[in-house]
Amino acid sequence: MIDDIRYALRQLRRAPAFTTTSVLTLAVGIAANVALFTLMNAILLRPVPGVRNDGRLTWFMPASTIGGRLLPISYPDFRDYRDQAGVFEQAAAFAGTELSLSDGGEPTRVRGQIVSGRYFSALGVQMTMGRGFTPDEDDPATPRPVVVISHRLWQERFEADGSVLGRTIAVDGVRCTIVGVAPDRFNGPDVGDQRVDLWVPLAMQPRVAPQSSLADRNAWWLSAFGRLKPGVSITQARAAVAAVAARLAVADSAGHAQMTATVFAMRGGIEPADIRTIVPVSILASAATGLILLICCANVGNMLLSRAIGRRREIGVRLSLGATRTRIARQLLTESMLLAAVASVVGLLLATWATELLASTLVPTIDVSPETHTIAFTVIVAAFAAVLFGMLPALHATRGDLASALKAGTLGVDKRRSRLQGGFVIAQVSLSLVLLTTSGMFLDGLYQAARVDLGFDASSHVLAASVDLGMQGYTSRQTATFVRTIRTQGAALPGATDVSVTTDVPLGERRSFTDIALDDKESDQQHRFGQRGMEVYGNAVAPGFFHTLGVRLISGRDFGSDDVDGAPSVAIVSRDFADRAWPRQDALGKHVSTSGAKGPFLTVIGVAQSARVFGIGERARPIVYRPLAQTPNARALTLLVRSAGDATTLAPAIRRMIHAVDPGLPVYEMQSLGQYRRERLASIALGSTLLGTIGALSVLLASVGLYAVVAFSVGQRTREIGIRIALGAARQRVVRLFVAEGVRLATIGLVAGLGLSMGLTRVVAAAFLGVASNHVATFALIAALVTGVTILASWIPARRAAGVDPMAALRSE
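Remember, predicted model here, so these are calculated numbers, not experimental data.

So, the overall build of the protein chain
Scanning the protein chain from terminus to terminus reveals 25 helices and 22 strands. A buried classification covers 52% of the 813 residues belonging to the protein chain. Counting contacts in the protein chain only where the partners sit at least 6 residues apart, residues at least 24 apart contribute 81% of the total. Carbon together with sulfur atoms contributes 58% to the accessible area of the protein chain, which is approximately 35,500 Å² in total.

The following block contains the structure:
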């Protein structure tokens, strides 16, 4: 083996261009796969930073018995599961929330979590300084204003002050004492896409999360996890929590009917409910990077095959001197393994850079530093690639007649070699077409989504600025005064044409669903709206909302200044809601309830155009709009300002206006609806960019492979070309001869690739909303592109062949 390695090193040093090209080609394929593995490993499998996971940490959560949809948990339910299941050593619940932080300067909005008392101890967190929360600190009866800060916040805002413990800061206007500093990179049990900087106990819920409840059993808003007792299995835990869920269903048949509960092992930093979103992306990305590796292997295999053909005389001499075919094949495979080893080192360096770039862009909270699993995966991929691209050339080089090998210089075309090289090219073309077709689907989906009519103006003409009055403890009367003030002052801003206020900004993250009941005398659709899973979107808006957003009122009127608390309760419904609730009837004057079948009922005063407020690729959903003045609990609000030009230019004036009304109120998510739209397109845009880049790389690799095949064929047939030209063959005919060979290979690859693409597009369209599977034009365009590239790759060496001097060609051997 040592002799084989030494000989392989000498051979590779003698061909620096071949070695460099092969190593770089393989490194690209290895780097793509290693980077993806590192990212997925960090998200799905790797222990979360700061968490002690000894295999006993688990998620537990309610689940619908119809469809298995996983749900958040209410605080009363959490306590029952924690206390009655009998399988948890410790358990905790938490929820993400936005918090206002002030330590004497201007308040800042930060990401936080509201957690139960055993949160840090259940996770096994070793604090940098201080302590976590105690169980009595999340007792709503005796709330204690304490807070734990992140290691990053401690360093950046408090300059790593060792005396920070005991310092008082204001969180949502409440003076809280810092009792602990979390460890570096700790972000909770789930990685998320935002850094968590503050943790507060559940006892502060009325102030920091007033929209939720600790007493309502049907207020599902928490995530829960627990550390199992020693010796308790996942199966036993599932049975125990399912038994508790069955008792809850009997005790509360209205709220817990058709519900159970289940347990999942805590692996990585993804909650089980999010796995269904991650898996399709992971599969698509894995398939794309796997195809790139196959293309790289085919390309290097082609180069190795050409190199082996050029070494036939050497191999023939070694065989005649007594070397066995197995010995020579082992020598050639050693060269392949050496190439793969060097490529794996380069690929690992590229993968480390690429992974850090992707992680900082997509999920900045995860740890992507290299570890043993990454090194092992790199070795496995490199070994797989070496066998994949090295086996066939090695076997081919040791086959054939010994005498012919010794006379290798007089040989013409090797049909076995041609078939094998042609197979490599066909594989590259077909796989490239698959990648380009998938990329084309995303690009077309992006193009279509950018043009789709959402039912409202999602452009730069409308600016949204969000505030959370609950952070400052606003009452209903103070909220109403604030809304009137900013609407009046906003309308007076230079350049503002329309102003309104809403609880949920279209295409934003806040989504409010409501239970709907209809008047039995007015509709026969009551049973449809009463079923669980009928998602009706509810939004509270101020007068002028529809005009500000450009939503057309089909019939009826807009809300007015008289639609206030104490006046008759009214509502405006969307067109699709009206069509489903009262088919072939006039919706005006009908009644709808958001508080159950017993009312109170709201009178429908208008029907608005249907709108896609959740996602660009989703269908429009039923919507019920209520007057903001008749929604006393609304605290998280968004100011909407329309301008004839770019509304983002009004952002500084809007911020100054809001701070003039309340200097301590943070303004966040100030951006245009056009920016919201671009964010909603981000996943498709990212898929288009990544797959487009991979597809372009694959076509480049395939064209290089085809060029190599044609160029090598030209080199082998130099004498034949000279004879043809000497006998009067037109040079154009020689060019057509070699171009036709390249086109033949590309055509076979195109046919195979189209077959694979048609099957894959259906899978991708089913997994990604907004991506359609019917792309005949895309198929045709990409097939034409690949054909053009292959013709060019064939034409260049063919044109060189046509310029051969006949006398030089006849003397070439």
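Some words on unusual backbone geometry
Of note in the backbone geometry, Ala160 takes a positive phi value of approximately 55° without being a glycine. Looking at where Ala160 falls in the secondary structure, it is placed in the loop between helix H5 (151–156) and strand E6 (168–171). Overall, the relative accessible area of 36% leaves Ala160 in the partly exposed class. Notably, Asp172 is not glycine yet its phi reads approximately 50°, a positive angle.

Considerations on the environment of Gly538
The topology assignment puts Gly538 in strand E15 (residues 536–541). A C-alpha to C-alpha distance of 5.0 Å links Gly538 and Val624, two positions 86 residues apart in sequence.

Considering the nonpolar core
Phe60, Tyr81, Ile149, Leu198 and Trp221 are the most contacted members of the largest nonpolar core, which totals 48 residues. Core analysis: the second largest hydrophobic core is formed by 28 residues, Ile486, Ala540, Leu628 and Met657 among them.

What to know about the side chain of Asp4
Here Asp4 is to be found in helix H1 (residues 2–14). For Asp4, a relative accessible area of 0% corresponds to the buried category. Side chain to side chain, Asp4 and Arg330 meet in a polar contact 3.0 Å long. Those residues in contact with Asp4, other than ones at most four positions away along the chain, are Arg327, Arg330, Gln331 and Thr334.

Concerning the packing of aromatic side chains
Taken as a whole, this structure holds 22 aromatic pairs when the rule is applied. A centroid spacing of 6.3 Å and a plane angle of 50° characterise the contact between Trp59 and Phe94, whose relative ring orientation is tilted. With Trp59 in strand E1 (residues 57–64) and Phe94 in strand E2 (residues 88–102), this pair connects stretches of sequence that are 35 residues apart. Judged by its relative accessible area of 3%, Phe94 is buried. Ring geometry for Phe545 against Phe546: centres 5.3 Å apart, planes inclined by 85°, an arrangement best described as edge-to-face. For the pair Phe545 and Phe546, a shared accessibility class is recorded, and that class is buried. Put simply, the rings of Trp59, Phe94, Tyr119, Phe120, Phe133, Phe186, Trp199 and Phe225 pair up and form one aromatic cluster. Between the NZ or CZ atom of Arg238 and the centre of the ring of Phe264, over which it lies, the distance is 5.8 Å.

So, the environment of Thr497
Among the structural elements, Thr497 can be located in strand E12 (residues 496–502). In this structure, the C-alpha to C-alpha distance between Thr497 and Thr548, residues 51 residues apart in sequence, is 8.2 Å. Beyond its immediate chain neighbours, meaning those up to four positions away, Thr497 contacts Arg642, Ser643 and Ala644.

As for helix H3 (residues 75–84)
One turn of the α-helix equals 3.6 residues, which is why residues spaced by three or four share an orientation. Residues of H3 that are buried: Tyr75, Pro76, Asp77, Phe78, Asp80 and Tyr81. Looking one or two residues beyond H3, the residue adopting positive phi is Gly86, at roughly 75°.

Topic: the pattern of salt bridges
A complete count under the given rule lists 18 salt bridges for this structure. Residues Arg111 and Glu98 are paired through a salt bridge, measuring 2.8 Å at the closest nitrogen-oxygen approach. Residue Arg111 is located in strand E3 (residues 108–115), and its partner Glu98 is located in strand E2; the two are separated by 13 residues in the primary sequence. Across the salt bridge formed by Asp136 and Arg144, the nearest N and O atoms sit 2.9 Å from each other. Residue classification places Arg144 among the partly exposed positions, given a relative accessible area of 39%. Each member of the salt-bridge network shares a partner with another, and the members are Arg52, Asp54, Arg56, Glu89 and Arg227.

Regarding the packing of H3 against helix H7 (residues 234–251)
Following both chains from N to C, one finds H3 and H7 inclined at 130°, their axes separated by 10 Å at the closest point. As summarised for this structure, H3 and H7 are arranged oblique, according to the angle between their axes. The handedness of the crossing between H3 and H7 comes out as right-handed. For the pair H3 and H7, contact is made by Asp77, Asp80, Tyr81 and Gln84 and by Val241, Val244, Ala245, Arg247 and Leu248, respectively. Class assignment for the residues of the contact of H3 with H7 results in 5 nonpolar, 1 polar and 3 charged.

Here's the deal with the pairing of strand E11 (residues 462–468)
Of all the 7 residues making up E11, 7 are buried; the element is thus mostly covered by neighbouring parts of the structure. Of the two faces of E11, the one carrying Val462, Ala464, Ser466 and Asp468 and the one carrying Leu463, Ala465 and Val467 are both buried. Pairing of E11 with strand E21 (residues 636–643), which is carried by 7 bridges, proceeds in the antiparallel orientation. Across the sheet, the residue bridging to Ala465 is Leu639, located in E21. Taken together, the 3 bridges between E11 and strand E22 (residues 668–672) define a ladder with antiparallel strand orientation. For Ala464, the partnering residue across the bridge sits in E22 and is Gln671.

Structural notes on the environment of Arg238
Within the element layout of this structure, Arg238 appears in helix H7. When the C-alpha atoms of Arg238 and Val87 are compared, they prove to be 9.4 Å apart, with 151 residues separating the residues in sequence. Setting aside residues no more than four positions away along its own chain, Arg238 makes contact with Thr262, Val263 and Phe264.

Side note on a nonpolar patch on the surface
A cluster of nonpolar residues, Ile791, Leu792, Trp795 and Ile796, forms a patch on the protein surface that exposes about 350 Å² of accessible area. Assignment of secondary structure puts Ile796 in helix H24 (residues 776–802).

Here we look at the state of the cysteines
The full count for this structure, using the stated rule, is 0 disulfides. Between Cys297, a cysteine without a disulfide, and Cys296, which holds the nearest cysteine sulfur, the sulfur-to-sulfur distance is 6.9 Å.

Here we look at the confidence of the model for the protein chain
Should the pLDDT be low somewhere, the predicted coordinates at that spot are not to be read in detail. Looking at the protein chain as a whole, its pLDDT mean stands at 79, while 81% of the residues score no less than 70. Segment residues 408–413: pLDDT under 50, and 13 contacts once partners within four positions in sequence are set aside and those in other chains are kept. Here residues 530–534 is modelled with pLDDT under 50, and outside its nearest four sequence neighbours on either side it reaches 7 contacts, counting other chains as well.

Some thoughts on the packing of helix H15 (residues 476–491) against helix H19 (residues 651–661)
Put simply, H15 and H19 touch, their axes get as near as 11 Å, and they point 145° apart. Here H15 and H19 pass one another in a crossing that is right-handed. Contacts between H15 and H19 involve Phe482, Thr485, Ile486, Gln489 and Gly490 from the former and Met657, Ile658 and Val661 from the latter.

Some details on the side chain of Thr334
For Thr334, the position within the fold is in helix H11 (residues 325–362). The residues contacting Thr334, other than those within four sequence positions of it, are Met1, Asp4, Ile5 and Ala8.

Calculation notes
- Position numbers for residues start from 1 in each chain and track the written sequence from start to end.
- Side-chain atom pairs in this predicted model are given and counted only at pLDDT of 80 or more, local residue features only at pLDDT of at least 70, and totals for whole chains, interfaces and linings cover all residues.
- Hydrogens and waters are ignored; side-chain quantities use all the structure's heavy atoms.
- The secondary structure listing takes helices from DSSP runs of H or I that are at least 4 residues long and strands from runs of E that are at least 2 residues long, numbered from the N terminus.
- Each residue is assigned to one of three classes by its accessible area relative to the maximum for its type, calculated with a 1.4 Å probe on protein chains only: buried under 20%, partly exposed between the two thresholds, exposed over 50%.
- We call two residues in contact whenever any of their non-hydrogen atoms come within 4.5 Å of each other.
- Using the Shrake-Rupley algorithm and a 1.4 Å probe, accessible areas are obtained, with residue cover drawn only from the displayed protein chains.
- As used here, the term nonpolar core means buried Ala, Val, Leu, Ile, Met, Phe, Trp, Tyr and Cys residues forming a set that is joined through side-chain atoms within 4.5 Å.
- Whenever two N or O atoms come within 3.5 Å, that pair is a polar contact, provided that in protein one can donate a hydrogen and the other can accept it, and provided that, for residues adjacent in sequence, both atoms are side-chain atoms.
- Stacked, edge-to-face and tilted labels apply to pairs of Phe, Tyr and Trp rings (six-membered ring for Trp) whose centres lie within 6.5 Å, assigned for plane angles under 30 degrees, over 60, and everything in between, in that order.
- As a reminder, the over-ring test applies to NZ of lysine and CZ of arginine, requiring each to be within 6 Å of the ring centre and within 35 degrees of the ring normal.
- By definition, a salt bridge exists where a carboxyl oxygen of Asp or Glu is found within 4 Å of a side-chain nitrogen of Lys or Arg.
- Note on geometry: axes are C-alpha line fits, over the in-contact stretch for helices, and angles between N-to-C directions span 0 to 180 degrees.
- Under this scheme an angle from 65 to 115 degrees is roughly perpendicular, one under 35 degrees roughly parallel, and one over 145 degrees roughly antiparallel; angles in between are oblique.
- Two helices crossing with the near one rotated counterclockwise from the far one by less than a right angle form a left-handed crossing, whereas a clockwise rotation gives a right-handed crossing.
- Amino acid classes used here: Ala, Val, Leu, Ile, Met, Phe, Trp, Tyr, Cys and Pro are nonpolar; Asp, Glu, Lys and Arg are charged; the rest, including Gly, are polar.
- Only when DSSP finds a minimum of two bridges between them are two strands counted as paired.
- Patch membership requires over 30% relative accessible area and the absence of a salt bridge. Like charges are linked within 9 Å, and nonpolar side chains (Val, Leu, Ile, Met, Phe, Trp, Tyr) within 5 Å.
- Any pair of cysteine sulfurs within 2.5 Å is marked as a disulfide.
- A score from 0 to 100, pLDDT tells how confident the predictor is in each residue.

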